[in-house]
Amino acid sequence: MADLFGTAPEPAPRPRPSDAAKVPQRAGPLADRLRPQALSEVVGQEHLTGPDGVLTRMLGNGSLGSIIFWGPPGTGKTTVARLLAGEVGFAFEQISAIFSGVADLKKVFESARLRRQSGRQTLLFVDEIHRFNRAQQDSFLPVMEDGTVVLVGATTENPSFELNAALLSRARVLTFQSHDAASLSQLLERAEAVENRPLPLDEEARAVLLRMADGDGRAILTLAEEVWRAAKPGETLDAETLQRIVQRRAPVYDKSQDGHYNLISALHKSVRGSDPDAALYYLCRMLDAGEDPLYLGRRLVRMAVEDIGLADPRALMIANAAKDAYDYLGSPEGELALAQATVYLASAPKSNAVYNAYKAAMRAAKENGSLLPPRHILNAPTKLMKSEGYGSGYAYDHDQPDAFSGQDYFPEALGRQSFYRPTERGEEARIGARMAEWNRLRRARRDEG
């Protein structure tokens, strides 16, 4: 099924009967009939396919390397891959990681090898590439390296988490963006020209239809077809009738645009600002808008670790439990668990000390390279390692007074660092007192030595 649809860069006027002759007529669903025939016809991904887009520049330089397309459904990943193959004259092979296994990959690779021997290269498009396991992903490496295929993989998941590092190092990641209202409107106008009739919607209903698509180009055309099938001759649907006909509730805000980010920001900052009433209000706003409750559960977990941390370690357990409770109960019972967690987090003592410590430690890790830990804390499973001093002089803390040896654990070239500075709020006040005592003992042990 096609997943991006073409139009001219400038929005077209509402169709007139004569417009139909200007658009190639093809049978089948709108999504297929509106499939673009060139990269310049693609809408919604101008940062990739526009005059100064990444792919346009790549083709202008006469080279095409392996690529991973990352983005939500209905944004054009499959269609753009097919168009790329046409632009460079490559054979186009397509497989899906959902339906393909090792045997299918071997057949595709062998076909590509034979094709290469006859002087033609192959662009292999792999849909849902993140669904291949690690071993299957590794099987692409040899054919990418020897030029048997140019791989274009498509994924809706973050490639950093779902794809092998070896595969990512051989491919460039390009991000596809959800359609905004403007590009969805262009798709509707193109559809109206192809159908040679306007959508029977008033202005409010048209805006609701755009929100229903939620950034998915394929969805907006499917919805348009539903509207044309459902409307009576001469009827113009209002927003309420539209929602009843298509049986899909329009979100109060576009989950991929400003309304979504404004409300999640308001929820997060209300929790951080210790205002349970405001936090509960924004949680309910988002639930009422149709937001995925599990998304909200994940964000509550993030708030627990970023803004509360060890000032109240129970916050993370409660946020996680609320997310799991919703996953177990579903709607409408599960939303109460999210509400309970929201109120708890907002009323808990706050600390971002662990958050700041993590960022500082990460900077130190990146800036100082692969420093060897001090040898006295390294294991020595071989005679050679023992002769090199591994493990020599290590003091087992449980055998020391106060179960504390006071040894140094940082690499010698780095020296002792201080990343975590607990606040005096909640449980962190007690943690800070313990750390102060350990620092006193550490100085005393050093002086004794």
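As a reminder, the structure under discussion sits directly above these lines.
Treat the numbers as computed from the prediction; the structure is a model and nothing was measured. Counting restarts for each chain, with residues numbered from 1 along the sequence as it is written. The predicted nature of this model means local features are confined to residues of pLDDT at least 70 and side-chain atom pairs, given and counted, to a pLDDT of 80 or more, with totals for whole chains, interfaces and linings taken over all residues. Here the side-chain values reflect all heavy atoms present in the structure, with hydrogen atoms and water set aside.

Caption draft 1: Structural detail: the pairing of strand 2 (residues 91-96). By this definition, two strands are paired if DSSP reports at least two bridges between them. Here a strand is any run of E in DSSP of at least two residues, a helix any run of H or I of at least four, and the numbering for each starts at the N terminus. Direction of pairing for strand 2 relative to strand 3 (residues 122-127): parallel, over a ladder of six bridges. By the bridge assignment for strand 3, Ser96 is matched with Asp127.

Caption draft 2: Representation of the sheet that holds strand 5 (residues 172-175) in the model. Overall, parallel pairing links the five strands, which are arranged 2-3-4-1-5 in an open sheet. Bordering the open sheet on either side are strand 2 and strand 5, each of which pairs with just one other strand. Here the average twist between neighbouring strands, direction ignored, is 20°. Contacting strand 2, strand 3 and strand 4 (149-155), helix 5 (residues 102-117) crosses the sheet at an angle of about 175° to strand 2. A fitted line through C-alpha atoms serves as each axis, taken over the contacting stretch for helices, and the angle formed by two N-to-C directions is quoted from 0 to 180°. Any two residues having at least one pair of non-hydrogen atoms within 4.5 Å are treated as being in contact.

Caption draft 3: Layout of the nonpolar core. Residues Leu30, Leu199, Leu201, Leu209, Ile220, Val227 and Leu242 are the most contacted members of the largest nonpolar core, which totals 27 residues. At the level of secondary structure, the elements contributing two or more residues to this core comprise helix 10 (181-195), helix 11 (203-213), helix 12 (217-230) and helix 13 (239-246). If one sorts the elements of this core by residue count, helix 12 sits on top with seven residues. Domain extents, as shown, originate in an automatic or database domain assignment. Of the domains in this structure, domain 1 (30-175) and domain 2 (181-245) are the two that each give at least three residues to this core. Not counting the four nearest positions on each side in its chain, Leu242 is found in contact with Leu201, Ala205, Val208, Leu209, Met212 and Val227. By nonpolar core is meant a set of buried Ala, Val, Leu, Ile, Met, Phe, Trp, Tyr and Cys residues that side-chain atoms within 4.5 Å join together. The cut-offs for exposure are 20% and 50% of the maximum accessible area for each residue type, with area from a 1.4 Å probe on protein chains only; residues under the lower value are buried, those over the upper are exposed, and the others partly exposed. One finds Leu283, Leu300, Ala315 and Ala348 within the second-largest nonpolar core, a separate group that totals 24 residues.

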